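A closer look at the structure
The residues making up each chain are set out below.
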Amino acid sequence: MHATFWQERWARDQIGFHQEKVNGYLRRHWSALGLAKGAAVLVPLCGKSLDLVWLAEQGHAVTGVELAERAVQDFFAERDVQPQVSQHGAFTVYQAGTLRILCGDFFALSRDDVAGCRAFYDRAALIALPPEMRERYAAHLQAILPDNCQGLLVTLVYDQQRMDGPPFSVEDAEVMQHFAASWALRMVEEKDVLAGNPRFSDSGLAAVDERVFHLTRR
């Protein structure tokens, strides 16, 4: 799960995790955060997700963070958008309007980089990481985000003995372990997504549950 793993996945176009449409959970539950128009939003490990576009269309200033430059370049090229490109510390910054993607290591993000953020959206960041990196990711996210923040987090739960990640299974107890000390958590939706996912069904899994959590900073 080093940087080269993800660089190679993008180089080989092995991106089954990429969704070709805006995430339904995002559409259904984002408004419950009650964010003001213009509020800044952080999207860790964003890839080339269409969710970035949707969030920007809701009036947010969106900051995505992505390690693979191929993903960032594809994101703008597929929209026929020529972003402004600059360097900011450890990141190459691609910006078009109120949407910017910081290309680099998420763990290089500082509090100053996300000082204005009022929310984060994690559809495929936590579940993309093995256990030791999940702990580090959650700790870093909490360390850099402002106190008055909220979040929407999507996880997967399945029998990890039958199939290895990524995406990894992250049980509810682990979510609580990582976040409950600093965030109030509420599950807002749960859905079995086994049907229509050949990789899961071919692994002999009986169920694959997606769970959506609303987090509010304590």
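Every chain's residues receive numbers from 1 upward, in the order its sequence appears when written. Totals for whole chains, interfaces and linings use every residue, but because this is a predicted model, local features are given only for residues with pLDDT of at least 70 and side-chain atom pairs only at 80 or more, for both listing and counting. The side-chain values count all of the structure's non-hydrogen atoms but skip hydrogen atoms and water molecules.

Under an unreviewed UniProt entry, the name given to the protein chain is Thiopurine S-methyltransferase, and the source organism is Pseudomonas sihuiensis. UniProt positions are given in the numbering used here, feature names are shortened, and annotations may be inferred rather than shown by experiment. Its UniProt record gives the protein chain a comment under Catalytic activity (unreviewed entry), which states: "S-adenosyl-L-methionine + a thiopurine = S-adenosyl-L-homocysteine + a thiopurine S-methylether." Taken verbatim from the UniProt record of the protein chain, the Subcellular location (unreviewed entry) comment is "Cytoplasm".

Quick word on the sheet that holds strand 6 (residues 117–122)
Hydrogen bonds between backbone atoms are what pair the strands of a sheet, whose relative direction is either parallel or antiparallel. Strands sit in the order 3-4-5-2-1-6-7-9-8 across an open sheet of 9 strands; the sheet is mixed. The sheet is open, and its two borders are formed by strand 3 (84–88) and strand 8 (183–192), each paired with just one other strand. Here the average twist between neighbouring strands, direction ignored, is 20°. Following DSSP output, two strands are said to pair if at least two bridges run between them. Counting from the N terminus, the helices are the DSSP runs of H or I reaching at least four residues and the strands are the DSSP runs of E reaching at least two. Pairing of strand 2 (residues 61–66) with strand 5 (residues 99–103), which is carried by 5 bridges, proceeds in the parallel orientation. Paired with Glu 66 across the two strands is Cys 103, which belongs to strand 5. Geometry is summarised by axes, namely lines fitted to C-alpha atoms with helices restricted to the contacting stretch, and by angles between N-to-C directions that run from 0 to 180 degrees.

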